Amino acid sequence: MERRKIIYYSDELHDEFSKAQITPKKIDGSYVYVHTSAWRRLTHVFWYRVVATPLAFLYTKIKFGHKVVGREKLRKCEDRGYFMFGNHTQDIADACIPSMLTLRKHTYVIVHPNNVSIPLVGRVTPSLGAMPLPDDREAYRNFVSAVRYRIEEGRMVMIYPEAHIWPYYTGIRPFGDASFGYAASCGAPVYCMTNTYQRRRHSARPRIVTYVDGPFYPDPSLPLRAQRAALRETVYQTMCRRAEQNEVEVIRYCKKEADRG
């Protein structure tokens, strides 16, 4: 693996460095987020438990020697639904790691519409728990209802607030507080996971060590906007502290303006 590759960026909030080139389909009011038929529930269990979970375990272990630190913290909320926030530094691994945090809960991941637009695979990803972001008002209402439904079911809803993939990035990019509004409106606990890259014996490829922190709770005495801002600040600061555990920098990200002169 090439070490210390340099990537120049101009916008921490919007630059995307994923190699995937996909034309996303429109997620409108006709998109069904929650299927309640026995057949769709059965296919979800099959794809999620029988197929995806074992493959995710093998992929993360073999390629990255994946390790989770702090998994026991999830036991505090194992009897209820909660949100998990994480940094976005891999394409396939970031789809796999949430299900490695706990086998007690099925995980639903809020994703870009690209993830349900891939030929063939895109038909399966909803059964794996992918919840694409909506494109219009009607779809947004359905999406919010689906998020609340999964929390009330006692599931884990995974969110990558950085939104864009920066492979092997060792910092935490600034992100807004809008996605924390789901937790505030649901009154649900929040956890965060921070993926770090650490030295790996007998391999040039770094090991991914995931740190789990929380739970953090919305403060019902505050207005919803203040609740989501407080949750965002707590999660961001926690992830920044955990990012200090990074030991290996595979790719260095440099801002273009800082490179002049």
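Residues numbered from 1 in each chain as written. Predicted model: local features only at pLDDT ≥ 70, side-chain atom pairs only at ≥ 80, totals over all residues. Heavy atoms only, no water.

## Examining the nonpolar core
Within the largest apolar cluster, 58 residues are counted, with the highest numbers of intra-cluster contacts made by Phe-83, Met-84, Leu-101, Val-190 and Val-235. Ignoring any residue separated from it by four or fewer positions in sequence, one finds Leu-101 in contact with Val-68, Arg-71, Leu-74, Met-84, Met-156, Met-193, Thr-210 and Val-212. (Core = buried A, V, L, I, M, F, W, Y, C linked by side-chain atoms within 4.5 Å. Buried < 20%, exposed > 50% of the residue type's maximum accessible area, 1.4 Å probe, protein only. Contact = heavy atoms within 4.5 Å.)

## With respect to the pairing of strand β8 (residues 207-216)
Most of β8 is tucked away: 9 of the 10 residues are buried. Relative to β8, strand β7 (residues 190-198) is paired through 8 bridges, and the arrangement is antiparallel. Considered in β8, the bridge of Tyr-197 is made with Ile-208. (Helix = DSSP H or I, 4+ residues; strand = E, 2+ residues; numbered from the N terminus. Pairing = 2+ DSSP bridges.)

## Some details on the environment of Arg-80
The residue Arg-80 is located in the loop between β2 (67-69) and β3 (82-86) in this model. Taking relative accessible area as the criterion, Arg-80 reaches 34% and is therefore assigned partly exposed. Taking the C-alpha atoms as reference points, Arg-80 and Lys-256, 176 residues apart in sequence, are found 45 Å from one another. Setting aside its immediate chain neighbours within four residues, Arg-80 contacts Lys-105, Gly-154, Gly-187, Ala-188, Pro-189 and Tyr-217.

## Digging into the environment of Arg-41
Inspection of the secondary structure assignment puts Arg-41 in helix α1 (residues 38-64). Separated by 86 residues in the primary sequence, Arg-41 and Ser-127 have C-alpha atoms spaced 8.5 Å apart. Excluding residues within four positions of it along the chain, Arg-41 makes contact with His-35, Thr-36, Tyr-149 and Glu-153.

## Some words on the sheet that holds β3
Ordered in space as β2-β8-β7-β3-β6-β4-β5, the 7 strands form an open sheet in which the pairing is mixed. Strand pairing shows two members of the sheet lacking a second neighbour, β2 and β5 (130-132), which therefore form its edges. Adjacent strand axes in the sheet meet at a mean angle of 25°, parallel and antiparallel pairs treated alike. Pairing between β3 and strand β6 (residues 156-159): 4 bridges, direction parallel. In the sheet register, Phe-83 faces β6, and the bridge partner there is Val-157. Sitting on the sheet, helix α4 (residues 137-153) is in contact with β3, β4 (107-111), β5 and β6, with an inclination near 155° to β5. (Axes fitted to C-alpha atoms, helices over the stretch in contact; angles between N-to-C directions.)

## Brief notes about a nonpolar patch on the surface
Residues Leu-55, Phe-57, Leu-58 and Ile-62 make up a contiguous nonpolar surface patch of about 420 Å² in total accessible area. Secondary-structure assignment places Ile-62 in helix α1. A residue is classified by how much of its surface remains accessible, and Ile-62, at 64% relative accessible area, is exposed. (Patch = residues over 30% accessible without salt bridge, like charges linked within 9 Å, V, L, I, M, F, W, Y side chains within 5 Å. Areas by Shrake-Rupley, 256 points an atom, 1.4 Å probe, with all protein chains shown as cover. Salt bridge = Lys/Arg side-chain N within 4 Å of Asp/Glu carboxyl O.)

Nothing here speaks to function; it is geometry throughout.
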